[in-house]
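Observations on the model geometry
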Amino acid sequence: MGEQLDIETLFKDYHRDVYQFCLYFTHSVQDAEDITQETFIKAIKNIRTLANPDRGKYWLLSIARNTAIDHLRKRKMKELLPDFFEKIISGEQSLDDHILRKEEWEEVHHTLLKMKPHYRAIMILRGIQELTVSETAEILQITELKVRVDFHRAVKILKKEMQDRERKVISDEYKRRIDS
């Protein structure tokens, strides 16, 4: 009975965090739901391995990360922008601002999809979910130094990819104008 109460508490307290991580990692509502469900099934089966109940969130996110990577290995990801991200943009913006923000999000997500899963996980945990270096290290089961170094590398990759995409857009626009 105690184990069931513990998993219920973990689910109630951290379901949203696990789901958000999975959503950012996969960029698919369906995949995020599946991985979140699988994460909690694994947690139920392995609840006795949770040594410190105060570390439940990090334990669950670690399971979610490994489950998401396994999921991606079994199935090719689809490039979809979930409705969730459209809700992030407030209704106070003009239509042009709304479209620009959506395009920026799409570019960032497209670039994240191209990153190695390890770098993608670090970008999500540190950059989007704003976890600390120590929290990220615990979830990914790596040292804090590795988190810092790999986060720096991931940011560099993201910036370079975004600059390359911007150059391509400018070049395509230039070519289009010349051909007109």
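Presented here is an overview of the structure given in this document. (Residues numbered from 1 in each chain as written. Predicted model: local features only at pLDDT ≥ 70, side-chain atom pairs only at ≥ 80, totals over all residues. Heavy atoms only, no water.)

**So, the overall build of the chain**
Formally: The helix and strand labels rest on DSSP assignments: H or I over at least four residues marks a helix, E over at least two residues marks a strand, and numbering proceeds from the N terminus. Each residue gets one of three labels from its accessible area relative to the maximum for its type: buried under 20%, exposed over 50%, partly exposed in between, using a 1.4 Å probe on protein chains only. Here, two residues are considered to be in contact whenever any of their heavy atoms come within 4.5 Å of each other. Note on areas: Shrake-Rupley with a 1.4 Å probe; residue coverage comes only from the protein chains shown.
The helix and strand inventory of the chain stands at 8 helices and 0 strands. Ordered by position from the N terminus, the helices and strands of the chain form the series α-α-α-α-α-α-α-α. Burial analysis of the chain (180 residues in total) assigns 35% to the buried set. Taking the intrachain contacts of the chain between residues at least 6 apart in sequence as the baseline, contacts between residues at least 24 apart amount to 67%. Total accessible area on the chain is roughly 11,500 Å²; 52% of this is exposed by carbon and sulfur atoms.

**Considerations on the side chain of glutamate 135**
As a reminder, the rule being used: Asp and Glu are treated as the negative residues and Lys and Arg as the positive ones, with His and the ends of the chain left uncounted. The rule for a salt bridge is simple: a side-chain nitrogen of Lys or Arg has to be within 4 Å of a carboxyl oxygen of Asp or Glu. N or O atoms within 3.5 Å of each other form a polar contact, as long as, within protein, one can give a hydrogen and the other can take it, and as long as residues adjacent in sequence are counted only when both atoms are side-chain atoms.
Here glutamate 135 shows up in helix 7 (residues 133-140). Buried charge without a partner: glutamate 135 forms no salt bridge, and the closest opposite charge is lysine 57, 5.9 Å away. There is a polar contact of 2.9 Å between the side chain of glutamate 135 and the backbone nitrogen of threonine 132.

**Concerning the environment of isoleucine 63**
Residue placement: isoleucine 63 occurs in helix 3 (residues 56-74). For the pair isoleucine 63 and threonine 36, spaced 27 residues apart in sequence, the C-alpha to C-alpha distance is 9.5 Å. Apart from residues lying up to four places away in sequence, isoleucine 63 is in contact with Thr39, Lys42 and Ala43.

**As for the nonpolar core**
Cut-off, in case you're wondering: As used in this record, nonpolar core signifies buried Ala, Val, Leu, Ile, Met, Phe, Trp, Tyr and Cys residues forming a set joined through side-chain atoms within 4.5 Å.
Phe21, Phe25 and Trp59 are the most contacted members of the largest nonpolar core, which totals 30 residues. Residue assignment for this core shows that the elements contributing at least two residues are helix 1 (2-26), helix 2 (29-45), helix 3, helix 6 (117-128) and helix 7. With sequence-adjacent residues up to four places away left out, tryptophan 59 is seen in contact with Leu10, Ala43, Asn46, Ile47, Thr49 and Leu50. With 7 residues, the next largest nonpolar core counts Leu112, Met115, Met123 and Leu158 among its residues.

**Thoughts on the packing of helix 7 against helix 8 (residues 144-179)**
Quick note on the threshold: Working convention: axes come from line fits to C-alpha atoms, limited for helices to the stretch in contact. Angles between N-to-C directions cover 0 to 180 degrees. Note on angle classes: values under 35 degrees are labelled roughly parallel, values over 145 roughly antiparallel, values of 65 to 115 roughly perpendicular, and the remainder oblique. For this scheme, ten residues count as nonpolar: Ala, Val, Leu, Ile, Met, Phe, Trp, Tyr, Cys and Pro. Four count as charged, namely Asp, Glu, Lys and Arg, and the remainder, Gly too, count as polar.
Close contact between helix 7 and helix 8 brings their axes to 8 Å; oriented N to C, the two are set at 100 degrees. Considering their axes alone, helix 7 and helix 8 lie roughly perpendicular with respect to each other. For the pair helix 7 and helix 8, contact is made by Val133, Ser134, Thr136 and Ala137 and by Glu144, Val147 and Arg148, respectively. Here the contact of helix 7 with helix 8 is composed, by residue class, of 3 nonpolar, 2 polar and 2 charged.

**Description of the pattern of salt bridges**
One pass over the structure, following the stated rule, counts 9 salt bridges. Across the salt bridge formed by glutamate 38 and lysine 42, the nearest N and O atoms sit 3.8 Å from each other. Note that glutamate 38 and lysine 42 are positioned in helix 2 at a spacing of 4 residues, about one turn of the helix. For glutamate 38, a relative accessible area of 31% translates into the label partly exposed. Of the charged contacts in the structure, one is a salt bridge between aspartate 164 and arginine 167, with a shortest N-O distance of 2.8 Å.

**Remarks on helix 6**
Three or more residues of helix 6 are buried, namely Tyr119, Arg120, Ala121, Ile122, Met123, Ile124 and Leu125. At the C-terminal side of helix 6, glutamate 130 shows a positive phi close to 55 degrees.

**Some points on the packing of aromatic side chains**
Two measures describe an aromatic ring pair: the distance that separates the ring centres and the angle between the ring planes. Definition in use: Centre distance within 6.5 Å is the pairing criterion for rings of Phe, Tyr and Trp, where only the six-membered ring of Trp is used; planes under 30 degrees apart are then read as stacked, over 60 as edge-to-face, and the remainder as tilted. Lysine and arginine charges are scored as sitting over a ring when NZ or CZ, respectively, is within 6 Å of the ring centre and within 35 degrees of the ring normal.
Under the defined criterion, the tally for this structure stands at 2 aromatic pairs. A centroid spacing of 4.9 Å and a plane angle of 75 degrees characterise the contact between phenylalanine 11 and phenylalanine 40, whose relative ring orientation is edge-to-face. Of the two residues, phenylalanine 11 sits in helix 1 while phenylalanine 40 sits in helix 2, which places them 29 residues apart along the sequence. Using a relative accessible area of 40% as the deciding quantity, one classes phenylalanine 11 as partly exposed. Among the residues examined, phenylalanine 40 registers a relative accessible area of 6% and is labelled buried. We note arginine 120 situated over the ring of phenylalanine 25; from NZ or CZ to the ring centre the distance is 5.0 Å. Of note, arginine 126 hangs over the ring of phenylalanine 151, and the distance from its end group to the ring centre comes to 5.3 Å.

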